Amino acid sequence: MTTHADCIFCRIARGEIPSRKVYEDDELMAFHDIQPSAPVHFLVIPKVHVENLYDADLQHQQVLGRMMGMIGTLAREQGLDDGFRVVVNTGRVGRQEVYHLHLHVLGGPDPLGSGMPRRQ
Ligand code: AMP
Ligand code: ZN
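Sequence order as written defines the numbering, with residues in each chain counted from 1. Both sets of labels track the order of writing: A upward for chains, 1 upward for ligands. Side-chain atom pairs in this predicted model are given and counted only at pLDDT of 80 or more, local residue features only at pLDDT of at least 70, and totals for whole chains, interfaces and linings cover all residues. To obtain the side-chain values, all non-hydrogen atoms of the structure were used and water was disregarded.

Student: A description of the overall build of the protein should follow, citing residues and the corresponding values.
Tutor: Runs of E in the DSSP output that reach at least two residues are strands. Runs of H or I that reach at least four are helices, and both are numbered from the N terminus. When helices and strands are counted, the protein shows two helices and five strands. Reading the secondary structure of the protein in the N-to-C direction produces α-β-β-β-α-β-β. Only C-alpha atoms enter the radius of gyration; for comparison, a globular chain is expected to reach 2.2 Å times N to the power 0.38, where N is the number of residues. Radius of gyration (C-alpha) of the protein: 14 Å, near the 14 Å computed for a compact globule of 120 residues. Dimensions along the principal axes, computed over C-alpha positions, put the protein at roughly 40 × 35 × 25 Å.

Student: Quick rundown of the site of ligand 1? Include the residues and the values.
Tutor: Whether a residue is near a molecule or strand depends on its heavy atoms: it is near if one of them lies within 4 Å of it. Surrounding ligand 1, one finds 16 residues, the nearest of these being Asp33, Glu97, Val98, His102 and His104. Contacts described as polar in this section are N or O atom pairs within 3.5 Å, which, within protein, must combine one atom able to donate a hydrogen with one able to accept it, while residues neighboring in sequence count only if both atoms come from side chains. A distance of 2.7 Å separates an oxygen atom of ligand 1 from a polar side-chain atom of histidine 104. Computed on the free molecule, ligand 1 has an accessible area of 510 Å², of which 88% lies beneath the protein chains in the complex. Mapped onto the shell around ligand 1, the elements with two or more residues apiece are α1 (8-13) and β2 (28-32). Counting residues per element, the shell around ligand 1 draws most heavily on α1, at three residues. Residue classes follow a fixed rule: Ala, Val, Leu, Ile, Met, Phe, Trp, Tyr, Cys and Pro count as nonpolar, while Asp, Glu, Lys and Arg count as charged, and any other residue, Gly among them, counts as polar. Here the residues of the shell around ligand 1 are counted per class, giving seven nonpolar, six polar and three charged. Methods summary: accessible areas were calculated by the Shrake-Rupley approach with a probe of 1.4 Å, and residue burial reflects only the protein chains presented.

Student: Before we move on, could you go through the coordination of the zinc ion (ligand 2) and cite the residues and values that matter?
Tutor: Metal donors: N, O and S atoms at distances within 2.8 Å, or within 3.2 Å for Na, K and Ca, with water omitted from the atom set so that some sites may seem incomplete. The protein atoms that coordinate the zinc ion (ligand 2) are Cys7 (SG), Cys10 (SG), His49 (ND1) and His100 (ND1), at distances of 2.0 to 2.3 Å. Just to be clear on the cut-offs, tetrahedral is four donors with all angles between 85 and 135 degrees, square planar is four donors and octahedral six with opposite donors over 155 degrees apart and all others between 65 and 115, and anything else goes down as irregular. For the zinc ion (ligand 2), the four donor atoms in the first shell make angles of 106 to 115 degrees at the metal, so the coordination geometry reads as tetrahedral. Sequence spacing of the donor residues for the zinc ion (ligand 2), all on one chain, is C-x2-C-x38-H-x50-H. Linking cysteine 7 in the segment before α1 with histidine 49 in the loop between β3 (40-46) and α2 (61-77), this pair joins segments that are 42 residues apart in sequence. Side by side, cysteine 7 and histidine 49 carry an identical accessibility label, which is buried. Whether a residue is buried, partly exposed or exposed follows from its accessible area with a 1.4 Å probe, protein chains only, as a fraction of its type maximum: under 20%, in between, or over 50%, in that order.

Student: Can you lay out the pattern of salt bridges for me, pointing to particular residues and giving the numbers?
Tutor: In the sections that follow, a salt bridge refers to a side-chain nitrogen of Lys or Arg positioned within 4 Å of a carboxyl oxygen of Asp or Glu. Taken as a whole, this structure holds six salt bridges when the rule is applied. A salt bridge links glutamate 16 to arginine 14, with the shortest nitrogen-to-oxygen separation between them at 2.7 Å. Taking relative accessible area as the criterion, arginine 14 reaches 34% and is therefore assigned partly exposed. Shared partners join several salt bridges into a network, and the residues in it are Arg11, Arg14 and Glu16.

Student: Talk me through the sheet that holds strand β5 (residues 103-107); I want residue IDs and the actual numbers.
Tutor: Reading across from one edge, β1-β2-β3-β5-β4 is the order of the five strands in this open sheet, with antiparallel pairing throughout. In this open sheet, the two strands that pair with only one neighbour each are β1 (21-24) and β4 (85-87). Direction aside, the axes of adjacent strands within the sheet are offset by 20 degrees on average. Across three bridges, β4 lies against β5 in antiparallel orientation. When the sheet's bridge partners are listed, valine 86 is paired in β5 with valine 105. Any two residues whose heavy atoms approach within 4.5 Å at even a single point are treated as in contact. Note on geometry: axes are C-alpha line fits, over the in-contact stretch for helices, and angles between N-to-C directions span 0 to 180 degrees. Along the sheet, α2 makes contact with β1, β2, β3, β4 and β5, crossing β3 at roughly 155 degrees. Pairing between two strands requires that DSSP report at least two bridges joining them.

Student: Residues and numbers for the pairing of β3, please.
Tutor: For β3, the buried fraction is high: seven of the seven residues fall into the buried class. Of the two faces of β3, the one carrying Val40, Phe42, Val44 and Pro46 and the one carrying His41, Leu43 and Ile45 are both buried. Strand direction decides the pairing type here: β2 and β3, joined by five bridges, are antiparallel. Its bridge partner being in β3, histidine 32 is matched across the sheet by phenylalanine 42. Across five bridges, the pairing between β3 and β5 is antiparallel. Residue pairing for β5: histidine 41 is matched across the bridge by leucine 106.

As structure tokens, this is what we get:
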């Protein structure tokens, strides 16, 4: 499995940097965002280093499918029974800050803002 020495999420996946873990198995991991944008805000990452959805391809389909397939279970465990939002920032235009693919799962007791950028 390809991991990068200096990538912060690879380091979290290797256990070198502590995280508030939500879930972990051989292929993926979920942990709470360090700067939450909602009352519940966790990230789901593959352990393999893939920069983003632009760089992902069909060799990643199993882990990407498992990440999507886990979200409902993890959301239920976090009490997000009334719904949540999943965000995947990609590249400069998507304002990605950490270049290791991650799904943001955001929720809480109240409806979130619209989240859809308006056309200019
Ligand atoms: P983005 O790349 O813009 O989709 O967002 C990266 C997210 O990673 C931000 O919401 C950060 O707060 C979060 N983040 C950065 N470092 C850590 C860390 N060590 N533990 C948990 N979350 C982090
Ligand atoms: Zn990485």
